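# Residue-level structure breakdown
One letter stands for each residue in the lines below.
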Amino acid sequence: MAERDGILAIDQGTTSSRAIVFDTDGRIMATSQQEFPQHYPHSGWVEHDPQDLLNSTVSTCTRALKAAKAAGVHARTIGITNQRETTIVWDRRTGEPIHNAIVWQDRRTAERCAALKAAGHEPLVAERTGLLLDPYFSATKIAWLLDNVPGARARAEKGELAFGTVDTWLLWKLTGGRSHATDATNASRTLLFDIHRQTWDDELLALFDIPRAILPEVRDSAADFGVTDAEVLGTELPVEGIAGDQHAAVVGQGCFEPGMIKSTYGTGCFALINTGEEAVPSRNRLLTTTAYRINGKPTYALEGAIFIAGAAIQWLRDELGIIAHASQSEGLANDAEAEGLYLVPAFTGLGAPWWDPNARGAIYGLNRNTGVAEFVHAALDSVCLQTGDLLEAMAGDSSTPQNTLRVDGGMVANSWLLQRLADLTGLAVERPEVIETTALGAAYLAGLQHGFYNSLDDLNSQWALDARFEPAISRSAREHIVEGWHDAVRRTLTT
Ligand code: ADP
């Protein structure tokens, strides 16, 4: 059998670690996935054991590399994509973490963030980092570790400790402690990185009380990150791509032109619009972030999130018990008569552009004929209408004309949903052949650095369409439905 080149993508997520070997045409050759335990030491606290993140990564990589090899594909390079913002601090000499990883969802630093906000620091932080003062991001988590693990602060100041997001931790371990580096997208989620100058910022380091000696070096998303240690991974391979999960998905979706949007529909939804060379500040509390950095040149994005997307379907299935499987939603919605029925899934408050954390869910427009199919229709509609609100917020911030909406995530198996998304947003919706876009993006970045691809244009021509959905209702029909939705949302707001 002829041997072919491949790329190993490590996708280290919040609940599982995955390894996928792609061939250089971007087709999946082998895949392996492993879950690991979540730790909830107190209400609102979420931790991972860094050793679990490493072990599950190493074992999935070993399995995927072996399976690919059996199929005649040899991985030549590695790309890493990861859960963002999760914070790990370890001893540089021993490689031992000083504490569990504090996961992005963890709210333990909410008071610290509120105090910094009350002291008037948010405008500076937002201007430099594109982020908000929220516990999600790494800086207050690092400070918590330094202040709560005995002796940590003094050791950090002496240069004995290292900080990393999950990419950096894995890179350090996989290279046998030789590489302490991250990429510009992951650095952009720490609250310590000036996204305009693309450097760590001394004023922010002082504000959050973080010693500079703890920080990794920041490189492009496609760069030479070091070579794996055969004693750790069983083989020596270069790591040549790194990007946070949503950023890798932008690359995997080939959203290289300003105005292209990728939207991922899982439990929640993350949408990023490419704004090109311009880091656009948000007036609508969206985030400004580095989408990717290649050849020293940052490309920026505006990012927005919807808290409840697929979770609305999970709610119908698990709490109401009116459907047995998420996949039934497609056929049911298709048969529904749901004119004027709106579900506002504000189960945990409402995000952009409403920002009402105290709002709770509601359903409006029930009549004598409202049944299971109509509930399903309203739930799927809510995903489309929330996306529309997010796009409107993006349009309010950036004059970049929005073109295609490229979608991925577990929900996009549902073609009815995607047609409705096109109808209710007025944008063409494109579903790619490979919906593992996060891992694919990491593989593309590594392949770019390795020389399998010459440019983003090469990657663009690799991206393959599975199905395209064109808006098929009139503008006035769309506006009528959106008006009804906004009416329903307004009745749900608490302020
Ligand atoms: P996550 O990565 O957040 O765990 P996934 O990308 O695996 O999520 O997507 C799973 C979500 O998609 C679930 O919330 C599920 O309810 C929803 N889902 C899966 N299949 C369908 C479908 N055919 N129609 C609508 N929703 C679906």
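Residues numbered from 1 in each chain as written. Predicted model: local features only at pLDDT ≥ 70, side-chain atom pairs only at ≥ 80, totals over all residues. Heavy atoms only, no water.

## A few points about the packing of aromatic side chains
Following the criterion strictly, the structure yields 9 aromatic pairs and no others. Relative to Trp-144, the ring of Trp-45 has its centre 5.5 Å away and its plane inclined at 85°; by these criteria the two rings are edge-to-face. Residue Trp-45 is located in the loop between β3 (28-35) and β4 (47-48), and its partner Trp-144 is located in helix α4 (residues 138-148); the two are separated by 99 residues in the primary sequence. When the ring of Tyr-444 is compared with that of Tyr-453, the centres are 5.8 Å apart and the planes differ by 85°; the resulting orientation is edge-to-face. Through a chain of ring-to-ring contacts, the aromatic side chains of Trp-90, Trp-169 and Trp-172 assemble into a single cluster. (Phe/Tyr/Trp six-rings, centres within 6.5 Å; stacked < 30°, edge-to-face > 60°. Helix = DSSP H or I, 4+ residues; strand = E, 2+ residues; numbered from the N terminus.)

## Digging into the site of the ligand
Taken together, 13 residues surround the ligand, and among them Thr-267, Gly-310, Gln-314, Ser-329 and Gly-410 come closest. In isolation the ligand offers 580 Å² of accessible surface; the protein chains occlude 66% of this area. Examining the composition of the shell around the ligand, we find that 4 residues originate from one element, helix α11 (residues 310-318), more than from any other. Of the residues that constitute the shell around the ligand, the class distribution is 4 nonpolar, 9 polar and no charged. (Near = heavy atom within 4 Å. Areas by Shrake-Rupley, 256 points an atom, 1.4 Å probe, with all protein chains shown as cover. Nonpolar A, V, L, I, M, F, W, Y, C, P; charged D, E, K, R; others polar.)

## Let's talk about the packing of helix α10 (residues 245-252) against helix α15 (residues 437-450)
Each packed pair of helices is defined by two parameters, the angle between the axes and the distance between the axes. Put simply, α10 and α15 touch, their axes get as near as 7 Å, and they point 75° apart. Between α10 and α15, the interaxial angle falls into the category roughly perpendicular. Residues Asp-245, Ala-248, Ala-249, Val-251 and Gly-252 of α10 pack against Thr-437, Thr-438, Leu-440, Gly-441, Ala-442, Tyr-444 and Leu-445 of α15. A class-by-class count of the residues in the contact of α10 with α15 yields 7 nonpolar, 4 polar and 1 charged. (Axes fitted to C-alpha atoms, helices over the stretch in contact; angles between N-to-C directions. Parallel < 35°, antiparallel > 145°, perpendicular 65-115°, else oblique. Contact = heavy atoms within 4.5 Å.)

## Some thoughts on the domain arrangement of the protein chain
According to the domain assignment, the protein chain consists of domain 1 (4-245) and domain 2 (254-432 + 464-495). Here domain 1 and domain 2 have C-alpha centroids that lie 29 Å from each other. Each side of the interface is counted separately: domain 1 has 21 residues, and domain 2 has 17 residues. In total, about 1400 Å² of surface goes out of reach between domain 1 and domain 2, with carbon and sulfur atoms giving 45% of it. Between the two partners, domain 1 and domain 2, sit 4 salt bridges. Where Arg-285 meets Glu-122, a salt bridge forms, and the shortest distance between an N and an O atom there is 3.6 Å. Inspection of the domain 1/domain 2 interface yields 12 residue pairs in polar contact (both at pLDDT 80 or more). (Domains from an automatic or database assignment. Buried area = accessible area lost by both parts, 1.4 Å probe. Salt bridge = Lys/Arg side-chain N within 4 Å of Asp/Glu carboxyl O. Polar contact = N/O pair within 3.5 Å; in protein donor to acceptor, adjacent residues only side chain to side chain.)

## Regarding the sheet that holds strand β2 (residues 16-23)
Spatial strand order, β3-β2-β1-β5-β13: 5 strands in an open sheet with mixed pairing. Either end of the sheet is taken by a strand with one partner, and the two such strands are β3 and β13 (239-244). Within this sheet the neighbouring strands show an average axis-to-axis angle of 20°, counted without direction. (Pairing = 2+ DSSP bridges.)

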